[in-house]
Amino acid sequence: MKKYLVALATSLLTFTAASAQSLPPPSVAAKSWLLLDASSNQVVASQDADMRVEPASLVKLMTAYLAFAALRDKRLDLNQEVSVSVNAWKVDPSSSKMFVEPNKPVTINNLLYGLIVVSGNDAAVALSEAVSGTSDAFVVLMNREAQRQGLTGTHFSNPHGLPSPETYTTARDLSILCRNLINDFPEYYKTYYSTKKFTYNNITQPNRNRLLWSDPTVDGMKTGHTDSAGYSLITSARRPVANGERRLISVVVGTVSDQVRTQESQKLLNWGFQNFDAVKLYSKGQAVDTPDVWKGSQGKIKIGFTHDVYVTVPKGSADKIKPRVERNDPLIAPISENAKVGTLKVTIDDKVVTELPLVALESVGPAGFLGRALDSIRLLFK
């Protein structure tokens, strides 16, 4: 599964939909940016998406992901109260905080609101200690999870994102992390990331994502700012389409002000929704091909995908989509279910739009001695 996640992270984000028909992307006033279609996991357009950048509070996306995972695995409970350590309380007093107090119990639920809505660095430390005992142990978990998700340009050194030379990421990695968070924890995402304000300790603070107020289709995600990092914003929006809903995720890193990160994010989202469609190619479990299997207990195997497959293309070009199956022939048993057996390349006008790993939809065991011997001979003449 880890190899499959890494394959998705690397292969599905290699090509851009805009390049399929040379549709020029908008000019975005940021150090680095990327627009991801979450339905297809395809980059619509980007600029310097693999540039190493300082994430600032965007680090808290990973902190939240791991807290959600602990809740899923019953290692934490939303109503569980934890004591706030001096380390959490003493975090940089000039930075964003939810204003927890030392040794005063606070619920995991409130810490999550404090982390996500008001970007509390004290909440980040308190949650890291609740999950792993210490922030240092939590950082190990953060980097392990980054590796599992295929975030090859990312490294963490703390749970909050305050400046450190050992904390860095890329716009591409951030887009992968955000999509995974939304897909893996949809109910937690819905609960926390669209919340516009939060009150704790008699102090009410607003969510700094201005698009939550100005664009009703926006339902998250996260702001980030330090003097060295500039102003960054990751935004996710859902808008209705003919066959349901479509989600885009914009990552805008290193702008000069809060206003600029907001307007550039809005510009990207509007451009993506207005100029591109997500076209469904295959359903989860649908057999894309049924090739021969050699030395197996059966002669054929169904191959396809473990999820619905969409491809993002410029509007009006859906009829030009051409999928091409490239198998890892010869396919020799035993083959386990979900094993990668090939690649689906999708082209428009002979330009590759995206590549997707094809997997076995069923397992095929080995044939008996005679069957394997006969197929070995046949393969010599194939």
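The shown structure was predicted, so the numbers you read here are calculated from the model rather than taken from an experiment.

1. Quick look at empty space enclosed by the protein
Right, so step 1: All chains considered together, the criterion is met by 2 cavities of 30 Å³ or more.
Right, so step 2: For the lining of the largest cavity, the elements supplying multiple residues, two or more each, are helix H3 (60–72) and helix H8 (171–184).
Right, so step 3: Residues that form the lining of the largest cavity fall into these classes: 9 nonpolar, 2 polar and 1 charged.
Right, so step 4: Around the second largest cavity sit Ile 116, Val 117, Val 118, Ser 119, Asn 207, Arg 208, Asn 209, Met 221, Lys 222 and Thr 223, which together line it.
Right, so step 5: Per-element accounting of the lining of the second largest cavity gives the leading share, 3 residues, to strand E7 (residues 218–226).
Right, so step 6: Partitioning the lining of the second largest cavity into residue classes produces 4 nonpolar, 4 polar and 2 charged.

2. As for the packing of H3 against helix H6 (residues 121–132)
Right, so step 1: The geometry of H3 relative to H6 is characterised by a closest axis approach of 10 Å and an angle of 35 degrees between their N-to-C directions. Crossing angle aside, the handedness with which H3 passes H6 is left-handed. Contacts from Lys 60, Thr 63, Ala 67 and Ala 70 in H3 reach Asn 121, Ala 124, Leu 127 and Val 131 in H6.

3. Here's the deal with the side chain of Asn 143
Right, so step 1: Note that Asn 143 resides in helix H7 (residues 135–148).
Right, so step 2: Using a relative accessible area of 19% as the deciding quantity, one classes Asn 143 as buried.
Right, so step 3: When near neighbours in sequence (up to four residues on either side) are disregarded, Asn 143 contacts His 155 and Phe 156.

4. Thoughts on the nonpolar core
Right, so step 1: Ranked by internal contacts, the top residues of the largest apolar core, which has 65 residues, are Met 62, Phe 68, Met 98, Leu 111, Tyr 193, Met 221 and Ile 234.
Right, so step 2: In terms of residue count, the dominant contributor to this core is H3 (10 residues).
Right, so step 3: If near-sequence neighbours (up to four positions away) are discounted, Met 98 is found in contact with Val 106, Asn 110, Leu 111, Gly 114, Val 118, Gly 120, Asp 122, Ala 123, Phe 198, Tyr 200 and Gln 205.
Right, so step 4: Of all hydrophobic cores here, the second largest spans 22 residues; its members include Val 288, Ile 303, Val 313 and Val 341.

5. Things to note about H3
Right, so step 1: For H3, built from 13 residues, the straight-helix expectation of 18 Å at 1.5 Å per residue is met to within 8% by its first-to-last C-alpha distance of 18 Å.
Right, so step 2: The buried fraction of H3 is high, at 12 of 13 residues.
Right, so step 3: Listed in full, the buried residues belonging to H3 are Lys 60, Leu 61, Met 62, Thr 63, Ala 64, Tyr 65, Leu 66, Ala 67, Phe 68, Ala 69, Ala 70 and Leu 71.
Right, so step 4: Once H3 finishes, Lys 74 follows within two positions and takes phi at roughly 65 degrees, a positive value.

6. Some details on the pattern of salt bridges
Right, so step 1: Applying the stated criterion across every chain, the model contains 22 salt bridges.
Right, so step 2: With a closest N to O distance of 2.7 Å, Lys 315 and Asp 277 form a salt bridge. Placement of the pair is Lys 315 in the loop between strand E13 (309–314) and strand E14 (321–327) and Asp 277 in strand E10 (residues 276–282), with a sequence separation of 38 residues.
Right, so step 3: Between Asp 289 and Arg 327 there is a salt bridge, with its nearest N and O atoms 2.8 Å apart. With Asp 289 in strand E11 (residues 287–289) and Arg 327 in strand E14, this pair connects stretches of sequence that are 38 residues apart.

Calculation rules
Each residue is numbered by its place in its chain's sequence as written, counting from 1. Restriction of local features to residues with pLDDT of at least 70 applies here, the model being predicted, together with a cutoff of 80 or more for giving and counting side-chain atom pairs; totals for whole chains, interfaces and linings are based on all residues. Only hydrogens and water are set aside; all other atoms, that is, all heavy atoms of the structure, feed into the side-chain values. Cavity means a closed set of points on a 1 Å grid over the protein atoms alone, one where a 1.4 Å probe fits but cannot get out, pocket means an open set with protein on both sides within 12 Å along at least 5 of 7 lines, and lining means a residue has an atom within 4 Å of a point. Grid points are joined across faces, edges and corners, and a volume is the space filled by probe spheres set on the points. For the purposes of this entry, the term helix denotes a DSSP run of H or I that reaches at least four residues, the term strand denotes a run of E that reaches at least two, and both are numbered from the N terminus. Amino acid classes used here: Ala, Val, Leu, Ile, Met, Phe, Trp, Tyr, Cys and Pro are nonpolar; Asp, Glu, Lys and Arg are charged; the rest, including Gly, are polar. Inter-axis angles, ranging from 0 to 180 degrees, are taken between N-to-C directions of lines fitted to C-alpha atoms, where helices are fitted over the stretch in contact. If you view the pair so one helix is near and one far, a crossing is left-handed when the near helix is turned anticlockwise from the far one by less than a right angle, and right-handed when it is turned clockwise. The contact definition used throughout considers only heavy atoms, calling two residues in contact when any of these lie within 4.5 Å. Exposure categories follow from relative accessible area, calculated using a 1.4 Å probe and restricted to protein chains: below 20% of the type maximum is buried, above 50% is exposed, and the middle band is partly exposed. Here, the term nonpolar core denotes a set of buried Ala, Val, Leu, Ile, Met, Phe, Trp, Tyr and Cys residues that are joined through side-chain atoms within 4.5 Å. The length a helix should cover is 1.5 Å for every residue beyond the first. Every case where a carboxyl oxygen of Asp or Glu lies within 4 Å of a side-chain nitrogen of Lys or Arg is listed as a salt bridge.

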